[in-house]
Protein chains: 2
Amino acid sequence: MNETSMNGAESLVQTLLDCGVDTCFANPGTSEMHFVAALDRIPGMRCVLGLFEGVVTGAADGYARIKGKPAATLLHCGPGLANGLANLHNARRANTPVINIVGDQATYHRPFDAPLTADTEGWARPVSVWTRTATTAGSVGSAAAAAIQAACTAPGGVASLILPSDVCWDVGGLVAAPLAPLPTPRVAPDVVAQMARVLRSGQPTLLLLAGRALEQEALASAQRIAAATDARLLSTTSNARVARGRGRFAVERLPYFGDKARELLTGIANVILVGTPVPATFFAYPGKSPRPYPQDAAVHVLARAEEDLADALARLADELNAPHLPAPAAVLVNPQPGSGAITSAAVAQSLNALLPEGAIVVDESVSFGHAFYPGTVNAAAHDWLQVTGGAIGDGLPLALGAAIAAPQRRVIALQADGSGMYTLQALWSMAREKLDVTVVVLANRKYAILQHELASVGATTGKTALDMLDIGNPDLAWVPLATGMGVAAARAESMAQFNELFAMANRQTGPFLIELVIP
Amino acid sequence: MNETSMNGAESLVQTLLDCGVDTCFANPGTSEMHFVAALDRIPGMRCVLGLFEGVVTGAADGYARIKGKPAATLLHCGPGLANGLANLHNARRANTPVINIVGDQATYHRPFDAPLTADTEGWARPVSVWTRTATTAGSVGSAAAAAIQAACTAPGGVASLILPSDVCWDVGGLVAAPLAPLPTPRVAPDVVAQMARVLRSGQPTLLLLAGRALEQEALASAQRIAAATDARLLSTTSNARVARGRGRFAVERLPYFGDKARELLTGIANVILVGTPVPATFFAYPGKSPRPYPQDAAVHVLARAEEDLADALARLADELNAPHLPAPAAVLVNPQPGSGAITSAAVAQSLNALLPEGAIVVDESVSFGHAFYPGTVNAAAHDWLQVTGGAIGDGLPLALGAAIAAPQRRVIALQADGSGMYTLQALWSMAREKLDVTVVVLANRKYAILQHELASVGATTGKTALDMLDIGNPDLAWVPLATGMGVAAARAESMAQFNELFAMANRQTGPFLIELVIP
C-alpha cells in the first residue's frame, strides 16, 4: 500500500499492527465505518464483536492482563464510550494498557450538535492516562503510536484516541513507527536502605503488595523478606492478576471489610507499600475508620506502581541478606471435590480438586465466593483475575478477553448472578468465537452483598427496602439466557451435579455455563 | 417524623414526595443504603428495580415523557452513573425532566481514592441542565427541590444530584418546600409578525416542529398555518412523544438520510424553526452537506425549545387570520392486517389494523421499521416515542418507564434485535412489575443500518468488515432470552403468526415478547 494514498483509518490500522496491537474488541457505528472498511484492505487485525460496549472494554482489559500487551477497542461516539466507561474504570484501577479508540462526529460536523454529539473527551479523560482527539488524517498514525506508548508505560493505563470520521476518511494518512514505552524507574538506594531499617526494627511490619509485585519473581523476593524478618505479607483486596496454585509462592489478601482487616492487622506498627497507594476501605461507614490498618501504624513506601517493583523487592531482600527460598512443593493436599450442602467452602473444595492445569480464573463471585480464593491456594497452577475498580459487570467480559488472549488455556468465570446480568451479552461473543470458557453462575437470586451492607447501615427489615436487594422475583433462569445466546448450559442443584458438570465442561471445546443454584 | 432527627436520606425522600416525585427507578449499591432504608420509614415512594443502570435511566425518561412529571433515578457512584449515561444522553435530547440521584463516597472518604471513586460530577455534567453535590445533610432537601425545579423548567432536562453517603446518614436533614418551575417565556410580538411576513411572502416555506409543538393543540395551530399559507409542515426526525392516529392532526417527519431530506425539500426558500435548533444530518458523509434542507434557504426562528411553543403557533395562526380546522375524521381506512411476505410495509399494515386504542408505541425499530410511522397515521389513537439522541438501547427501558407511568394503557415496543441486546435486562423489570408491554423484536440478525452506512462510505464486501456488522453467528434466540427473565414469549415466522400473536399479546395481562423473524 502506498502511504500517500492511505486514508486516516488505514494509517491507524497499519500503525496498530506495526506496534504489535493486533486484536480489536469492537462495537462500531456509522462513524467507525472507515476503520471497519480498512480491516479488509490491511490484513492482520483480529476483530472480536461485542453486542454492548461494556463487553468490549472489559474484554480489552482481560486480554491485556493475560497477554501482557494491549488490545484496541472500537467504540461509537460519546454514548458508545459511556457504555464502556465502567469497565474502563476497572481497567484504570488494574493499570491495564488499553488502546481505547472512539469514533466521533466529523470535525466540521461537531458544531451542528447533531443528536449523537456529546462530550466524548470529557467522558474519556477521567479513566485515561492519555486522551487525544486527532484533527487531521496525517496525525492519526502518530497519535496511535503515542497512545500505545502512553498505555504501555508503567504502570500501564487506558489511552483514549478519539477519531472524528473525516480524519478517518481523508487521504494523507501516515503510518507511524512504534515508540518504546518510557523506562520504568528504579527505586533509589536510600529508600531500600530505609525500608531495611524498618524491617530490622523488630516492630510488627506489614508488606502490602499490589500489581506486578504479585508476579512470581517479585513474590519470591517478598517471601524471602518475610521469612528473614517475620514481616507479614498481604496483597491488596482486588488484584488484576495473581499467578498462584501448587508449586507457586502464595500470598493472602487484605480482607474487604475494614473490621476484619483491622482485626487481622492488630498490633502492626509499620505498613510498607509496594505498588499500591495508601489503602482505604471500599466505602465509609458511620463511626468507623477508613483505614484497614491500625490508626497509629506508620506508613512507608518502598515503591510506587510506576516503579520497578520486582527490582525493589529483590534489592530489599538482598539488603537484608535474606536467604533464597525453594518454591513450594507441588502436591495436591485435598484431592476430593466438595460434597454435601452447596456452600462457598464446598465449591472452593471442588475448584481446588478440579481446576484444570493452567486455568485462568476470573472471580466476580462477590459475596458467595468468600471461600474460593483461600480454598484454592493448593489448586493446579493458575492465574486469578478480579474486578479491580468495584464496578460490577466485569467478570464475563474479562473472561472473554482472557480467552482470546490464551486460546490454549481454560478460562473459569466464577460469576455472581446479580453482577453477571450487567454484561451478559459477553456470552454471545464467547459462543461466536468458540472460546473455552466455563462460566459458573452462583445463583443466589439476591444482591447478597447489599443485604449485608443494608444491615450494617440501616438495620431495616421493611419490605420496600428489601425488595430493592432481591432479584429473585422473578428468578433469572440462566440456562435459557445462555442458550439464547448460543452457549450450551445446564443447571446444578447439588454438589455432585456441579462436580460432574464442571469436570465435563472443562474437557469440552467451546463455552459452557453452569447455573449453580444456591439454596 | 420530627425533622430535627431526620437524616439526609429521609429529608430527600420526603422532599421528593412533597414535590410530587413518587416514582424511583433504582439500581442501588452500598452508598445508597440509607436512601433504601429511608423508603421503609417514609411511605409513598414506588421503587422499580432495574438490573442495569441503562434500564434505570431509560425508564425514567419513558416515565416522564408519558406522565408529564419526573421520576427519580437511584444510581451507585461514578461507574453506576456511567452505565446510565447513554440513556441520559437520550433524555437530554428529548428535554425530559429526570431527577438523577447518584450516591457516592462519603465526603471525607473521597480523598482516599478507594476503588469505586471516580469523577462523578464530571461524568454527569454533559448530560445535565443542573448538577450539584450535596455536602451536608441539612442541604440535601433544598438541593432536591432545586433539582426538581431545574428539571421541570422548560424545556426540561436532567438534574443530577450527587449524594455522598455521609450526607445521607448524618442527622439534620431538612425537608424543603416545592419550588415552582421558572415561567416559560412567550415569544415577542415582533417575532410572530416577522414570521407572518415570511409566510405571506409566497415563497415555499417549511415549518419544522419539535418538542411540545407536536402536542395536539400546537399541531392544530400549525395545521391552520399550513392550510392558510401553503407552508410545508414537518417534525424533526426523532421525537420524544407524538400524539397521533385516527382523529388526530398528523405530521410527517424529516427523513433520517440527508439525501432523502434534501430531495423532499427541493425548492424550499425558508425554514421556520419551532422548538428545534438548526437541523443537521445525524452524521457527516464525504462530500455531502450537513444540512437536510437546500443550501440557499433562509433559516428563521419562531420559538426556541425553552419558549411557549403552543402559544407562539396559536398567535402566528391568528396573525395570519388562519381559519380553525376540524379534527380529522376517525375512520379506519384499511382494516386488514398485513399478509404475505414479512416486510416493513406488511408489519406496518398489521400495526395500523391491530394497534390497541390508547397504545403507547416505543419505536427503536431502526432500519427495518421504515414503513411503521407513515403506515400507522390512521391507526387507533396512540402516542409514538422515539430514541432521541441516537444512543441505541433505549427502546426496552423507555417501554418499561412508559408502562409504569400509564398502567391502563398497552405499551408496544418495536425493537430492532441489535439495539435490543444493549439493555435486554429491562425485560426482567417488566416481568417483575407485571406490566402490559408487548415487545416485538424485529430479528434480522444484523446491524442492517451499518451495512447501509458501510456501503455509503467504503463500498467494501470483505469478510472481516462484514463480520463486524453480522450478529447472526450465532443467531440470538429471543424466546429463551425472554423466558430466562420471566417474560412469556413466542416466535413468528409468518405474517399470519405475527397477527395472531400480536392480537393475543395485547389482550393479555403482563408482558409478552414476539420474536418476528425477518427473512
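Bear in mind that the values here come from a model prediction, so they are computed numbers and not experimental data. Once a new chain begins, its residue numbering starts again from 1 and follows that chain's sequence as written. Whichever chain is written first is A, and whichever ligand is written first is 1; the rest continue in order. In keeping with the predicted nature of the model, local features appear solely for residues at pLDDT of at least 70, side-chain atom pairs appear and are counted solely at 80 or more, and the whole-chain, interface and lining totals rest on all residues. As a rule here, side-chain values cover all heavy atoms of the structure and leave hydrogens and water aside.

## Quick notes on the overall build of chain A
- Counting its regular elements, chain A contains 20 helices and 17 strands.
- Taken over the C-alpha atoms alone, chain A extends approximately 65 × 60 × 45 Å along its principal axes.
- A 1.4 Å probe rolled over the protein chains alone gives each residue an accessible area, and that area as a share of the maximum for its type sets the label: buried under 20%, exposed over 50%, partly exposed in between. Across the 519 residues of chain A, 64% fall into the buried class.
- Every accessible area reported is derived by Shrake-Rupley at a probe size of 1.4 Å, with residue values counting cover from the shown protein chains alone. Accessible surface for chain A amounts to roughly 16900 Å². Of this, 53% is attributable to carbon and sulfur atoms. Each helix is a run of DSSP H or I of at least 4 residues and each strand a run of E of at least 2, with the numbering of both proceeding from the N terminus.

## Concerning the sheet that holds strand E1 (residues 23-26) of chain B
Residue and element names in this part refer to chain B.
- Overall, parallel pairing links the six strands, which are arranged E2-E1-E3-E4-E6-E5 in an open sheet. The open sheet terminates on both sides in strands that have one partner only, identified here as strand E2 (46-49) and strand E5 (130-133). Mean inter-strand twist for the sheet, computed between neighbouring axes without regard to direction, equals 20°.
- Note: two strands are recorded as paired if DSSP finds a minimum of 2 bridges between them. Here four bridges tie E1 to E2, and the two strands are oriented parallel to one another. Bridging across to E2, Thr23 finds its partner in Arg46.
- The strands touched by helix H3 (residues 53-67) are E1, strand E3 (72-76) and strand E4 (98-104); relative to E3, the strand with the most contacts, the crossing angle is about 170°. The angle between two axes is taken between their N-to-C directions and runs from 0 to 180 degrees, where each axis is a line fitted to C-alpha atoms and a helix contributes only its stretch in contact. Residue contacts are counted whenever heavy atoms from the two residues lie within 4.5 Å of one another.

## Considerations on the relation of the copies chain A and chain B
- Taken as rigid bodies, chain A and chain B are interconverted by a rotation of 180° and an axial shift of 0.0 Å, the fit giving an RMSD of 0.0 Å. Here the two chains are linked by the operation of a two-fold rotation axis.
- A shared interface surface links the copies, since 100% of the contact residues of chain A are contact residues in chain B too. Residues reaching a pLDDT of at least 70 in both copies supply the C-alpha atoms on which the copies are superposed by least squares.

## Some remarks on helix H12 (residues 344-354) of chain A
- The element H12(A) is largely enclosed, with a buried count of eight among its eleven residues.
- Of the positions making up H12(A), those classed as buried are A:Ser344, A:Ala346, A:Val347, A:Ala348, A:Ser350, A:Leu351, A:Asn352 and A:Ala353.

## Section: the sheet that holds strand E16 (residues 488-492) of chain B
All names here are of chain B.
- The seven strands are arranged E9-E13-E12-E14-E15-E17-E16 in an open sheet whose pairing can be described as mixed. Looking at which strands have only one partner, the edges of the open sheet turn out to be strand E9 (242-244) and E16. Here the strands of the sheet are splayed against their neighbours by 20° on average, with no regard to which way each runs.
- Here strand E15 (residues 437-443) pairs with strand E17 (residues 512-517) via six bridges, running parallel. Note on E17: the bridge partner recorded for Thr438 is Phe512.

## A closer look at the pairing of E1(B)
Residue and element names in this part refer to chain B.
- Side chains Thr23 and Phe25 project from E1 onto one buried face, and the interleaved Cys24 and Ala26 project onto a second face that is buried too.
- Both E1 and E3 contribute to a ladder of three bridges, which runs parallel. What sits directly across from Cys24, in E3, is Ala72.

## Considering the pattern of salt bridges
- A carboxyl oxygen of Asp or Glu within 4 Å of a side-chain nitrogen of Lys or Arg is what we treat as a salt bridge. Scanning the entire structure with this criterion turns up 41 salt bridges over all chains.
- A:Arg41 is the salt-bridge partner of A:Glu10, the closest N and O atoms lying 2.4 Å from each other. Note that A:Glu10 is positioned in helix H1 (residues 8-18) and A:Arg41 in helix H2 (residues 33-41), a separation of 31 residues in sequence.
- Relative accessible area serves as the criterion here: at 37%, A:Arg41 is assigned to the partly exposed category.
- Through salt bridges that share partners, B:Arg445, B:Asp475, B:Arg491, B:Glu493 and B:Glu515 make up one connected network.

## With respect to the nonpolar core
- Counting 229 residues, the largest nonpolar core has A:Leu16, A:Leu85, A:Leu427, B:Leu16, B:Leu85 and B:Leu427 as its most contacted members.
- The dominant element in this core, judged by the number of residues it contributes, is helix H6 (residues 140-152) of chain B, at nine residues.
- Not counting residues within four places of it along the chain, the set of residues in contact with B:Leu427 comprises B:Leu396, B:Val439, B:Trp478, B:Ala482, B:Met485, B:Val487 and B:Leu513.
- Formed by 62 residues, the second largest nonpolar core is a distinct cluster that contains B:Val187, B:Val192, B:Leu214 and B:Ala226. Here, nonpolar core refers to any group of buried Ala, Val, Leu, Ile, Met, Phe, Trp, Tyr and Cys residues whose side-chain atoms link them within 4.5 Å.

## Notes on the packing of aromatic side chains
- Working definition: a ring pair exists when centres of Phe, Tyr or Trp rings (six-membered ring for Trp) sit within 6.5 Å. Plane angles under 30 degrees give stacked, over 60 give edge-to-face, the rest tilted. Enumeration according to the criterion identifies 17 aromatic pairs over all chains in this entry.
- Here the aromatic rings of A:Phe52 and B:Phe52 are separated by 5.4 Å at their centres, their planes lie at 85°, and the arrangement is edge-to-face. In this pair, A:Phe52 sits in the loop between strand E2 (46-49) and helix H3 (53-67) while B:Phe52 sits in the loop between E2 and H3, so the two residues belong to two different chains.
- For the ring pair A:Phe498 and A:Phe502, a centre distance of 5.4 Å and an interplane angle of 20° mean the geometry is stacked. Of this pair, A:Phe498 and A:Phe502 both sit in helix H20 (residues 495-507), four residues apart, which is roughly one turn of that helix. By the burial criterion, A:Phe498 is buried, and A:Phe502 matches it.

## Re empty space enclosed by the protein
- Here a cavity denotes grid points, spaced 1 Å and computed from the protein atoms alone, that fit a 1.4 Å probe unable to get out, and a pocket denotes an open set having protein on both sides within 12 Å along at least 5 of 7 lines; residues with an atom within 4 Å of a point are the lining. Grid points are joined across faces, edges and corners, and a volume is the space filled by probe spheres set on the points. Counted by the stated rule, this structure contains six cavities of 30 Å³ or more.
- Here the largest cavity defines a volume of roughly 70 Å³.
- If you go around the largest cavity, you meet 13 residues; those closest to its centre are A:Thr30, A:Ser31, A:Ser165, A:Trp169 and B:Ala284.
- Listing elements by their share of the lining of the largest cavity, those giving two or more residues are H2 and helix H7 (165-169) of chain A.
- Grouping the constituent residues of the lining of the largest cavity by class yields seven nonpolar, five polar and one charged. Under the grouping applied here, Gly and all other residues not named as nonpolar or charged are polar, the nonpolar ones being Ala, Val, Leu, Ile, Met, Phe, Trp, Tyr, Cys and Pro and the charged ones Asp, Glu, Lys and Arg.

## Some points on the interface of chain A and chain B
- Taken together, the 94 residues of chain A in the interface contact 95 residues of chain B.
- Across the chain A/chain B interface, buried area totals approximately 8000 Å², and carbon plus sulfur atoms make up 66% of it.
- Here the quantity called buried area is the accessible surface, traced with a 1.4 Å probe, that two parts lose on coming together, added over both. In terms of surface lost to chain B, no three residues of chain A exceed A:Pro115, A:Trp123 and A:Met468, which account for 9% of the buried area on that side.
- Run the count over chain A and chain B and you get two salt bridges.
- The partner of B:Arg93 in a salt bridge is A:Asp113, and the shortest N-O contact between them spans 2.8 Å.
- Of the residues forming the side of chain A that touches chain B, the biggest block, nine residues, is contributed by helix H4 (residues 77-94) of chain A.
- Residue composition of the side of chain A that touches chain B, grouped by class: 54 nonpolar, 26 polar and 14 charged.

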